[in-house]
Amino acid sequence: MWFDEIMDDCKQALITANKFKAIFIPIFLKLALSIALFGYIFVSFITSIIRHSYVFEYIYTDPSAILELFPALIINGVVIYLLVLVGFSILDVGSINMFKVALNDEKPRYKDFTEGIKKYFFKVVLGKLFMHFLIIITLPVTALLYIVYAVIAGTLTAGWGLLFAGVFVSIYLGTWVPIIVIEGYSPLKAIGKSIKLGAKYFKGLFIVLLASTLISSYSTVIFGVLAAVLAGWLIAGIVATYFNLVVMLVYYRNREGL
């Protein structure tokens, strides 16, 4: 039965996570990357304001002067996007390759992290660029549908609807990065396999991904404000790592039939 299988995957993921604690090291790397990116964004924002301070001197008499800020904003936006894309893609492929080694019952090491980067980085970046392009071209339609839904259902209900919509999307498109690392497929083939996996194992992935979303979002609230501030990133990272293992186990078990 599918529910028994998902429980077996959850149990095996817990055993693997407990046995190979090195898989949690990327959580700290993600924190360092996030701090570095936040620092860069803050510094670049302040620098841009100082550099274009003259614009604010006559913006009240000539509102069109605000247009002079657009080139700097666009350049900074592109740079930040590329830094986020490259930085988190490196963490994704390195981390998932360590998960793959751990699920093979071998101790993950630093070389496994770097090997994942060497082998799969460019494939994952290309896949993310393709996915982001799809998001951009479909954004007007999805935004309009959400606005209509929010007006009809109300803000609170619409918020839950958005949460479930994110889970549904993840069911079909949430496993293509692990599939690239596991199989070495091209981005498009990995996305196709991810969609097939979601269609075949919808109920099991729905439970896994909904649990991951809810626990990641609300676990810090349970432990109070202080824990949310000091250890929210750690709790969320541990939860994400654990459920990544579960999703990979789901794929391993169903890969032959896809």
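Not measured: the values here are computed from a predicted model. (Residues numbered from 1 in each chain as written. Predicted model: local features only at pLDDT ≥ 70, side-chain atom pairs only at ≥ 80, totals over all residues. Heavy atoms only, no water.)

The end-to-end C-alpha distance of helix H1 (residues 2-19), which contains 18 residues, comes to 26 Å, matching closely the 26 Å that a straight helix rising 1.5 Å per residue would cover. The set of residues buried in H1 consists of Ile6, Asp9, Cys10, Ala13, Thr16 and Ala17. Seen from one end, H1 has its buried residues packed into an arc of 130°, which puts them on one side. Exposed residues lying more than 90 degrees from the buried face of H1 are Asp8, Lys11, Leu14, Asn18 and Lys19. (Helix = DSSP H or I, 4+ residues; strand = E, 2+ residues; numbered from the N terminus. Expected span 1.5 Å × (residues − 1). Buried < 20%, exposed > 50% of the residue type's maximum accessible area, 1.4 Å probe, protein only. Arc of directions from axis to C-beta.)

This part covers the environment of Phe88. Relative to the assigned elements, Phe88 resides in helix H4 (residues 70-103). Those residues in contact with Phe88 that sit more than four places away from it in its chain are Lys30, Leu33, Ser34, Leu37 and Lys128. (Contact = heavy atoms within 4.5 Å.)

Looking now at the side chain of Ser89. Of note, Ser89 is situated in helix H4. Not counting residues within four places of it along the chain, the set of residues in contact with Ser89 comprises Val84, Phe121, Val124, Val125 and Lys128.

Applying the stated criterion to the full structure yields seven salt bridges. Here Asp112 and Lys111 are joined by a salt bridge, their closest N and O atoms 3.5 Å apart. The partner of Lys119 in a salt bridge is Glu115, and the shortest N-O contact between them spans 2.7 Å. One end of the pair is Lys119 and the other is Glu115, both in helix H5 (residues 110-153) and four residues apart, which spans about a single turn. A relative accessible area of 47% places Lys119 in the partly exposed class. Each of Glu5, Asp9 and Arg253 takes part in salt bridges that share partners, so that together they form one network. (Salt bridge = Lys/Arg side-chain N within 4 Å of Asp/Glu carboxyl O.)

Function cannot be read off these values alone, since they describe shape.
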